[in-house]
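Structural description and commentary
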Amino acid sequence: MTEFAWDPESYRALMAEEIPDYPRLQAELSAAVAADAPRTILDLGIGSGLTAAEVARALPEAHLFGIDDSAEMLAAAEEALDPTRTALQQSRLEDPLPSGPFDLVMSTLAVHHLDGSGKADLFARVAAVLDEGGRFVLADLVVPVDPADVITPIDGIEDTPSSLKDQLAWLEATGLHPRVHWQHRDLAVIVAQKVHLG
Ligand SMILES: C[S@@+](CC[C@H](N)C(=O)[O-])C[C@H]1O[C@@H](n2cnc3c(N)ncnc32)[C@H](O)[C@@H]1O
């Protein structure tokens, strides 16, 4: 089986076709991210940097660390983002994360490529690289309660979204405090906070 190859040239058109609410998802993530003006941000699956660029515009003081598996998407991100406050690395979500600590970890439409145990494992590693009081903002596809709310085509191989309920439970199991910031049909933004220890 050939793995899907991400193409930064056709990426916007693909999003418009398959995820009509992608701009809304980006706006909801950006609003949640900007809420407490984080200075150090890790973006998991930064892709061509479309969402990261919105966040960077809203937070001119912030430094961004982006990881992605695709060299092509990372090359486009390098063009799109300010090199003086961006670092990019080709790696997988399954690999050890940059150690941080980060004020904020974000991810848009990448985590649904992991299966359930892969997500739970990633969430534990995210919690470990967050600073105390830091937050994880996850904007992604979810399996909606009502099957009529499935909008985005899911192949079940590369795309393995999970329910909101499962993802909130996996986040809670790491010690983070998750809440749903926004949900519409098969899209959601979750904010999970690492509480101060004292
Ligand atoms: C739908 S794009 C989202 C890109 C970007 N976050 C955005 O908001 O436009 C998904 C990205 O996740 C990356 N990706 C998928 N699975 C990955 C994995 N296991 N490890 C690292 N990157 C992955 C792909 O290479 C692609 O760039």
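Heads up: these notes are all about the structure in this document. All figures in this text were calculated on a predicted structure; none of them were measured in a lab. (Residues numbered from 1 in each chain as written. Predicted model: local features only at pLDDT ≥ 70, side-chain atom pairs only at ≥ 80, totals over all residues.)

**A word on the site of the ligand**
With respect to spatial proximity, 17 residues lie near the ligand, and among them G45, G47, T51, D69 and T108 are the closest. Among the residues making up the shell around the ligand, the classes are represented as 7 nonpolar, 6 polar and 4 charged. (Near = placed C-beta within 6 Å. Nonpolar A, V, L, I, M, F, W, Y, C, P; charged D, E, K, R; others polar.)

**Here we look at unusual backbone geometry**
Cis geometry is found at the peptide bond from G100 to P101, where omega equals 0°. Along the chain, the position of P101 falls in the loop between β3 (86–90) and β4 (102–108). Residue A37 is not a glycine yet carries a positive backbone phi of 45°. By the secondary structure assignment, A37 is in the loop between α2 (22–34) and β1 (40–44). The backbone of R185 shows a phi angle near 50°, a positive value even though the residue is not glycine. Looking at the element boundaries, R185 is found in the loop between β6 (177–184) and β7 (187–193). We classify R185 as partly exposed; it has 16 C-beta atoms within 10 Å. (Helix = DSSP H or I, 4+ residues; strand = E, 2+ residues; numbered from the N terminus. Buried ≥ 20, exposed ≤ 12 C-beta atoms within 10 Å, placed from the backbone.)

**Some words on the environment of L59**
For L59, the position within the fold is in the loop between α3 (50–58) and β2 (63–68). Separated by 29 residues in the primary sequence, L59 and S30 place their C-alpha atoms 9.5 Å from one another. In this structure L59 touches A34, A37 and P38, once residues within four positions along its chain are discounted. (Contact = placed C-beta atoms within 7 Å.)

**Some thoughts on helix α5 (residues 116–129)**
Taking 1.5 Å as the rise per residue, α5 with 14 residues should run 20 Å; its terminal C-alpha atoms sit 20 Å apart, in good agreement. Taken together, the buried residues of α5 touch β4, β5 (130–141) and α6 (164–173). (Expected span 1.5 Å × (residues − 1).)

**Some details on the sheet that holds β6**
Reading across the sheet, the 7 strands line up as β3-β2-β1-β4-β5-β7-β6 and stay open at both edges, with mixed pairing between neighbours. Edge positions in the sheet fall to β3 and β6, since each has one partner strand and no second. This sheet shows a mean twist of 15° between the axes of neighbouring strands, independent of strand direction. Helix-sheet contacts for helix α4 (residues 71–80) involve β2 and β3, and the interaxial angle to β3 is about 170°. (Pairing = 2+ DSSP bridges. Axes fitted to C-alpha atoms, helices over the stretch in contact; angles between N-to-C directions.)

**Here's the deal with the packing of α2 against α3**
Angle between the axes and distance between the axes: these two values describe a pair of packed helices. Remark: α2 packs on α3, axes separated minimally by 10 Å, with the N-to-C direction vectors making an angle of 40°. One finds that α2 runs oblique with respect to α3. Viewed along their axes, α2 and α3 form a crossing whose handedness is right-handed. Contacts between α2 and α3 involve Q26, L29, S30, V33 and A34 from the first element and T51, E54, V55 and A58 from the second. Classifying every residue of the contact of α2 with α3 gives 5 nonpolar, 3 polar and 1 charged. (Parallel < 35°, antiparallel > 145°, perpendicular 65-115°, else oblique. Left-handed = near helix turned anticlockwise from the far one by under 90°.)

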